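# A look at the structure
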Amino acid sequence: MVSKERGIGLQYPVPWNEVEKETLEHFQAIVRMDTTSPPGNETVVAEYLKTVLEKEGIPARLLALEPNRANLVARIRGNGRKRPILVMGHTDVVGVQREKWSVDPFAAVRKGGYIWGRGTGDDKDNVTAGLMLLLLLKRQGVRLDRDVIFLAEGGEEGYSPTGVRYVIDKHWEEIDAEFALAEGGGGILKDGKVLYLSVATSEKVRLEVRLIARGTAGHGSIPRPDNAVVRLANAISRVAGWAQPMRLDETTRTYFQRLAGISPPEAAARYRAILDSHERAKVERYFAQHELRHNSMIRTSLSPNVLKAGFRANVIPSEAEALIDIRALPDEDLAGFGECLREVIADPHIEIKTTMGRPAAPASSLNTEMFAALEAAQKRIYPESVTVPILLPGATDMSPLRAKGIQAYGIGPVVDDEEVGGAHSDDERILEKSLYDFVRFLWHAILEVAAEK
Ligand SMILES: [Zn+2]
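What counts, and where the lines are drawn
Sequence positions are assigned chain by chain, starting from 1 and proceeding in written order. Per-residue local features of the predicted model are confined to residues with pLDDT of at least 70, and side-chain atom pairs are confined, for both listing and counting, to 80 or more; whole-chain, interface and lining totals are unaffected and use all residues. Side-chain metrics in this entry use all non-hydrogen atoms of the structure; hydrogen atoms and water are not considered. In this listing, donors mean N, O and S atoms no farther than 2.8 Å from the metal, or 3.2 Å for Na, K and Ca; water is missing from the atoms, so a site can look incomplete. Every angle between 85 and 135 degrees makes a four-donor site tetrahedral, while opposite donors more than 155 degrees apart, with all other angles between 65 and 115, make a four-donor site square planar and a six-donor site octahedral; other sites are irregular. Think of it in three bands: with a 1.4 Å probe and only protein chains considered, a residue is buried below 20% of the maximum accessible area for its type, exposed above 50%, and partly exposed in between. Here, strands pair whenever DSSP counts at least two bridges between them. The way it works is that DSSP assigns letters per residue, a run of H or I at least four long becomes a helix, a run of E at least two long becomes a strand, and they are numbered from the N terminus. Axis definition: a line fitted to C-alpha atoms, limited for helices to the stretch in contact. Angles are taken between N-to-C directions and run from 0 to 180 degrees. Contacts between residues were defined by any pair of non-hydrogen atoms, one from each residue, lying within 4.5 Å. Only residues whose relative accessible area exceeds 30% and that form no salt bridge enter a patch; like-charged residues are grouped when within 9 Å of one another, and nonpolar side chains (Val, Leu, Ile, Met, Phe, Trp, Tyr) when within 5 Å. Shrake-Rupley sampling with a 1.4 Å probe provides the accessible areas, and residues are treated as covered by the protein chains on show and by no other component. Salt-bridge detection follows one rule: a side-chain nitrogen of Lys or Arg within 4 Å of a carboxyl oxygen of Asp or Glu. His residues and chain termini do not enter the charge count, which takes Lys and Arg as positive and Asp and Glu as negative. To locate a charge, take atom NZ for lysine, CZ for arginine, CG for aspartate or CD for glutamate. Starting at the helix axis, one direction is taken to each C-beta atom, and the arc is that of these directions.

### Regarding the coordination of the zinc ion
- The zinc ion binds to the protein through H90 (NE2), D122 (OD), E183 (OE) and E183 (OE), with metal-donor distances spanning 1.8 to 2.8 Å.
- For the zinc ion, the 4 donor atoms in the first shell make angles of 51 to 145° at the metal, a pattern classed as irregular.
- A residue is classified by how much of its surface remains accessible, and H90, at 1% relative accessible area, is buried.
- A relative accessible area of 8% means that D122 is categorised as buried.

Encoded structure:
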């Protein structure tokens, strides 16, 4: 496997020093474009990418539902022996609280081995890597068994109708592919070593549930048995106390197996025990207290996050409202779940309204050419490490692609601290070396899965 891959690598030698300089230049230029969503203004990035691509003879198209929120698509053609691969990154970013930042969030400052700015880790790294990939494929004249498509989509944050939804609905033929690569994976650097590289193969399904309790309004001096606030509070406490059974699938089972292989003894014992139906109860309790992400990966979760009720201390309000963030496992029976929720709340005076974001979609397989190619690329860039498949608790634009039958995998660069400077946080930043490694990783993964052998 490795020697074959090395063969392809040798066939297309890349001047990585020069590529790094160029990567930095494009990355900084893109981070400096403020594409905070809303309003987005992703067209400035799409235009930039189009200019760079077309200068090298790669045709690119803007696809836009709204003129200021364009997506960009470009394609390097192969011989058509295999179905295309789609490489995707989103050009919009979430907002910033400037006063909480130690640098200008849109200056792409280089400092301390990092590049700082909104979007450096989410998701202008993937956008830049996709751009560099196309430039390199073209310059090296790589002979491909399949087309390589690059989609720089807008509107990912908040799942805007202008982004991937629009491209899927109106321009499906431009992105139809066997495999897709997008955000959501990455690696953890510890003591100078990459612990593991994660590939997101699955994600939870987001449902927003609104509980509306109704009662009779009145004077606060005369309490009523149908007080809407009390009704709502009781409903929330029942929802919060509703235990969800744990469930593993191919992704999470493999995740814990591989994690056990690289963890210190105590943690490794936990990850092995969670796979064992006789031993898991104790570990489940441990996860619920100490490993919250793992707790969320193995069960449907409910988190009451917004409360709205009342306006004066001496007025009994007639309505009270709560928002509950539900994240269902990908195989959850959503209709059945809704029924159970109604039974758990057990109050006919509470209205339950559910809105769904991205569609539910099956997990992508670990047994594909693409997953094997990602593992081969990881061995090349981080030979001391291991690839682990993960189920994302959060939502990405991979689920609408998976729902259309594409096998989609989330990848990303290596970070040195999971708690600080990550996606959506103040002082978001990326290790400069990680960005360059990520470009190489993507290049090798794509050669492995798409180059003629
Ligand atoms: Zn993102």
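### Considerations on the sheet that holds strand β10 (residues 205-214)
- Ordered in space as β12-β14-β10-β15, the 4 strands form an open sheet in which the pairing is antiparallel. The open sheet has two edge strands with one neighbour each: β12 (301-309) and β15 (350-356). Strand-to-strand twist in this sheet, taken as the mean axis angle between neighbours without regard to direction, amounts to 20°.
- In this sheet, strand β14 (residues 319-328) lies alongside β10 in antiparallel orientation, the contact comprising 10 bridges. Residue pairing across strands places E208 opposite D325, the latter belonging to β14.
- Set on the sheet, helix α7 (residues 228-240) makes contact with β10, β12, β14 and β15; between it and β14 the angle comes to about 15°.
- Strands β10, β12, β14 and β15 of the sheet are contacted by helix α12 (residues 334-345), whose axis makes an angle of about 155° with β15.

### Here's the deal with a negative patch on the surface
- Taken together, the side chains of D416, D417, E418 and E419 define an acidic patch exposed on the protein surface.
- By secondary structure assignment, the location of D416 is in the loop between β18 (414-415) and β19 (429-431).

### Points about helix α10 (residues 280-290)
- All of the buried residues along α10 are R280, V283, E284 and F287. Seen from one end, α10 has its buried residues packed into an arc of 105°, which puts them on one side. Those residues of α10 that are exposed and aimed more than 90 degrees away from the buried face are K282, R285, Q289 and H290.
- Tucked inside the fold, the buried residues of α10 contact α8 (250-262), α9 (265-273) and α11 (292-297).

### Looking at the side chain of R270
- Structurally, R270 is set in helix α9.
- On the basis of relative accessible area, R270 is assigned to the buried category, the value being 16%.

Keep in mind these values describe shape, not function.
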